[in-house]
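Working through the structure, step by step
So the chains spell out like this:
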Amino acid sequence: MRIFIFLLLVLFARFETLSQVHNTLIIEGISVGNIQVGESIENVINQYGEGQRIKWNSYSYEMKYASKGISCWYLQSDSSKSVFAIMVHDNFVGKTSKGLQISDTLKVRDVTKVYGKGEWDGYDTDENGKAIIDCNYYDIGLTFTVDIGDDIDREDSRDLDKFYANNSIIEVSIEEGDGPDEDEPVKFLLRNLEDCFISLDTLLTDSARIEFKEFSKSELIGKTHFGLGIWMRNNWGLWTGSELSRFFNQCGIYHADDMSGIILTSYHRRLNGVPIRLNRQIKYYQNYWKKSEKEKKRIQRQDFKEFKVGDSVEFKYLYGFINQEQEDLYDEGSCYANGIILEKNNKQQTLLIELTESCGSGEILIEYQATYDQKVEKMKVGDQKWLYYSLWE
């Protein structure tokens, strides 16, 4: 099965540096250095600061870090502002986990030598008018943008790997991979901890197992959470309801990070011949979430107390904007939506708000769900609605 072959190659090529995930390491379909596909742009900004924010007509934002050669893309309509793609430019220097060296001298022949034949599509021009085409590896979440000079709209699309072999790669995009084909047979179904141990015993090289075994308790999770841990969470279905995740759900563990933590800790203990103490590990994570939830509720209660009946409050635009005019005004710092608190519901932590002012259209977007029927709820100036307090400040 391709997914296990891929992991074997990843671990064979890179596990000697498992303890350090360098900022220049690309893990296909998962991350570039410390930036992961699916994390919020706020987390990226916390790590690297505010970059150049570029708004595209494709309803996307690009957060560009030119000096690092990295851009993070997220949708304008996504209230969670999750990074759906990470792009590295031709001034980026680094490596993929399969050993492809990324630099400004990268050619198509270098890519195909490591990844085999790609799927070609998307003849286009970039923002500078340069003719380009994409070479895609959808299953592992990689796309290479190729500078094709004057060879645009070539009628014969066969053997493009050879035709463009000496052409330069100008950008590499990392997105969530599609995984193996649906009709590809499943080689081994992970159902419990013992299955995880068998799989890891098979996939890790002898030297990788020795290095893993020698990690101290204090450094184990820190050195594996973003390498092997990311791979397990994504490819063992810990986020997506696999049989293995259901095993953990039955144990009272529901977060993928906790699941991978238990797997890594248990495997480390097994290699060192000490008791796994699964029940104690489960209790640790359950207690953590109980304390976390208790602290979260305490903070929410404290925040809610700050709101008083009669106060004027300002809307946060958490669900986006009604129209382009409103968004442009917001970007310019001249768009405000204000309301007055008429009543409070302490149990529900909601506020009865009368909207007194809005820019652009006289409306605000108070709920948006990206479902098949695109559930949207708006509020007009003069309307009175019970709303959760976090929408206001």
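Residues numbered from 1 in each chain as written. Predicted model: local features only at pLDDT ≥ 70, side-chain atom pairs only at ≥ 80, totals over all residues. Heavy atoms only, no water.

**Quick look at the overall build of the chain**
Quick note on the threshold: What counts as a helix is a DSSP run of H or I of at least four residues, what counts as a strand is a run of E of at least two, and both are numbered from the N terminus. The classification of residues rests on relative accessible area computed with a 1.4 Å probe and restricted to protein chains. Under 20% of the type maximum is buried, over 50% is exposed, and intermediate values are partly exposed. Note on contacts: a residue pair qualifies if any of its non-hydrogen atoms lie within 4.5 Å across the two residues. Here, Shrake-Rupley sampling with a 1.4 Å probe gives the accessible areas, and only protein chains in the shown set may cover a residue.
Assigned secondary structure in the chain consists of 12 helices and 19 strands. Here the chain holds 393 residues, and the buried ones make up 41% of them. In the chain, the share of contacts with a sequence separation of at least 24, taken over all contacts with a separation of at least 6, comes to 58%. Working note: accessible area of the chain is about 21,400 Å², and carbon and sulfur atoms make up 48% of it.

**Considerations on the sheet that holds strand 3 (residues 35-36)**
To keep things clear, this is the line we draw: Two strands are said to pair when DSSP picks up at least two bridges between them.
If you trace the 5 strands from one edge of the open sheet to the other, you get 3-2-1-8-9, paired in mixed fashion. Either end of the sheet is taken by a strand with one partner, and the two such strands are strand 3 and strand 9 (101-102). In this structure, strand 8 (residues 94-96) lies alongside strand 9, joined through 2 bridges in antiparallel fashion. Across the sheet, Gly 94 pairs through a bridge with Ile 102, a residue of strand 9.

**Quick word on the layout of surface pockets**
For clarity, the cut-off: Site definitions follow a grid-based scheme: protein atoms alone, a 1 Å grid, a 1.4 Å probe that fits but cannot get out for cavities, and for pockets an open set with protein on both sides within 12 Å along at least five of seven lines, plus lining residues having an atom within 4 Å of a point. Grid points are joined across faces, edges and corners, and a volume is the space filled by probe spheres set on the points. As a working rule, the residues Ala, Val, Leu, Ile, Met, Phe, Trp, Tyr, Cys and Pro are called nonpolar, Asp, Glu, Lys and Arg charged, and the rest polar, with Gly in that last group.
Here the second largest pocket defines a volume of roughly 920 Å³. For the lining of the second largest pocket, the leading source of residues is strand 11 (residues 131-137), giving 5 residues. For the lining of the second largest pocket, the class distribution of residues is 14 nonpolar, 13 polar and 12 charged.

**A look at the packing of aromatic side chains**
Put simply, the rule reads: Each Phe, Tyr or Trp ring, with Trp reduced to its six-membered ring, pairs with another whose centre is within 6.5 Å; inter-plane angles below 30 degrees give stacked pairs, above 60 give edge-to-face pairs, and intermediate values give tilted ones. Criterion for a charge above a ring: Arg CZ or Lys NZ at most 6 Å from the ring centre, at most 35 degrees from the ring normal.
Under the definition given, this model contains 22 aromatic pairs. Their ring planes at 70° and their centres at 5.2 Å tell us that Phe 315 and Tyr 317 sit as a pair that is edge-to-face. For Phe 315, a relative accessible area of 2% gives the class buried. Taking the relative accessible area as the measure of exposure, Tyr 317 reaches 5% and is therefore buried. By way of ring pairs, the aromatic residues Phe 315, Tyr 317, Phe 321, Tyr 330 and Trp 392 are connected into one cluster. Sitting over the ring of Phe 304, Lys 344 keeps its end group 4.5 Å from the ring centre.

**Some remarks on the environment of Glu 343**
Residue placement: Glu 343 occurs in strand 15 (residues 338-345). A C-alpha to C-alpha distance of 5.7 Å links Glu 343 and Val 309, two positions 34 residues apart in sequence. Apart from the residues lying within four places of it in its own chain, the contact partners of Glu 343 are Val 309, Thr 350, Leu 351, Leu 352 and Trp 386.

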